[in-house]
Amino acid sequence: QFSNCFYGCSSLKTVPEGEIGSVRLGNWDVGAQAECIEYNYVVDTTNAAVLVLNYAVVLQDVNPPHDSIAQPRFTLEIRHKNKLLPYGCGEAYFSSGFNTTKEDGWHKNAFCWWKDWTKISINLGQYHGESLNIRLTTLDCTETGHFGYAYFTLGCIDGKIKGLSCGDS
């Protein structure tokens, strides 16, 4: 199924390859709305050692542009003990027209910026028994006239390499 975006980003699928469904966070209404979903996850690496999060984002293009903090935007944060995971792997922040470039996988038409499905995978081995906080947020522009929304999936896998062969030995 494809996104119900009325603004020309209809090539965006609402569910990534290999998944059976996704969650949409936000909508294409305006009014300075914001939506957030937060998930607390206690890591059990006996069955699953890798967190897999897929996300796709749609941010209406604002003309004339506002400051980056006033634009439609999307944030992703994965925290352990109230701190972002190290090495930048547990965060993403996008503000329409500021860090939404074609070189970084964003698409643009006259109305919207949209980022096709992006997958992040995080090794959870060092967090066994610990709690992680996963938070995704979408925000409309603060001046009430432009929208932002996103789709996401969240899961875990065992992290074992499958299907590789190095010859007879």
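Scroll up to find the structure.
Procedures and definitions
Residues numbered from 1 in each chain as written. Predicted model: local features only at pLDDT ≥ 70, side-chain atom pairs only at ≥ 80, totals over all residues. Heavy atoms only, no water. Phe/Tyr/Trp six-rings, centres within 6.5 Å; stacked < 30°, edge-to-face > 60°. Helix = DSSP H or I, 4+ residues; strand = E, 2+ residues; numbered from the N terminus. Buried < 20%, exposed > 50% of the residue type's maximum accessible area, 1.4 Å probe, protein only. Pairing = 2+ DSSP bridges. Axes fitted to C-alpha atoms, helices over the stretch in contact; angles between N-to-C directions.

Visitor: For this particular structure, what's the right way to read the packing of aromatic side chains?
Guide: Here a ring pair, both rings aromatic, is described through the centre-centre distance and the interplanar angle of the planes. If you walk through the whole model with that rule in mind, you get nine aromatic pairs. Aromatic pair Tyr39 and Tyr41: ring centres 6.3 Å apart, planes at 20°, arrangement stacked. Through a chain of ring-to-ring contacts, three or more aromatic side chains come together here, namely Trp28, Trp117, Phe147, Tyr149 and Tyr151.

Visitor: Any chance you could explain the environment of Glu19 here in plain terms?
Guide: Along the chain, Glu19 turns up in the segment before β1 (23–26). When the C-alpha atoms of Glu19 and Ser95 are compared, they prove to be 27 Å apart, with 76 residues separating the residues in sequence.

Visitor: Which parts of the structure should I look at to understand the pairing of strand β9 (residues 131–139)?
Guide: Along a regular strand, successive side chains alternate from one face of the sheet to the other. The buried fraction of β9 is high, at seven of nine residues. As paired elements, strand β2 (residues 34–42) and β9 share nine bridges and run antiparallel to each other. The partner of Val42 across the bridge, within β9, is Ser131.

Visitor: Where do I start with the environment of Asp67 in this structure?
Guide: Mapping Asp67 onto the fold places it in the loop between β3 (50–60) and β4 (73–80). For Asp67, a relative accessible area of 59% translates into the label exposed. For Asp67 and Phe98, which are 31 residues apart along the polypeptide, the C-alpha to C-alpha distance reads 9.0 Å.

Visitor: It is not clear to me how the sheet that holds β3 should be interpreted in this structure. Could you clarify?
Guide: One key point about sheets: their strands pair by backbone hydrogen bonds, in either a parallel or an antiparallel sense. As summarised here, the arrangement of the five strands in space is β1-β10-β3-β8-β7, forming an open sheet in which the pairing is antiparallel. Bordering the open sheet on either side are β1 and β7 (106–108), each of which pairs with just one other strand. Taking each pair of neighbouring strands and ignoring which way they run, the sheet shows an average axis angle of 15°. As paired elements, β3 and strand β8 (residues 112–123) share 10 bridges and run antiparallel to each other. Looking at β8, one finds that Tyr55 is bridged to Thr118.

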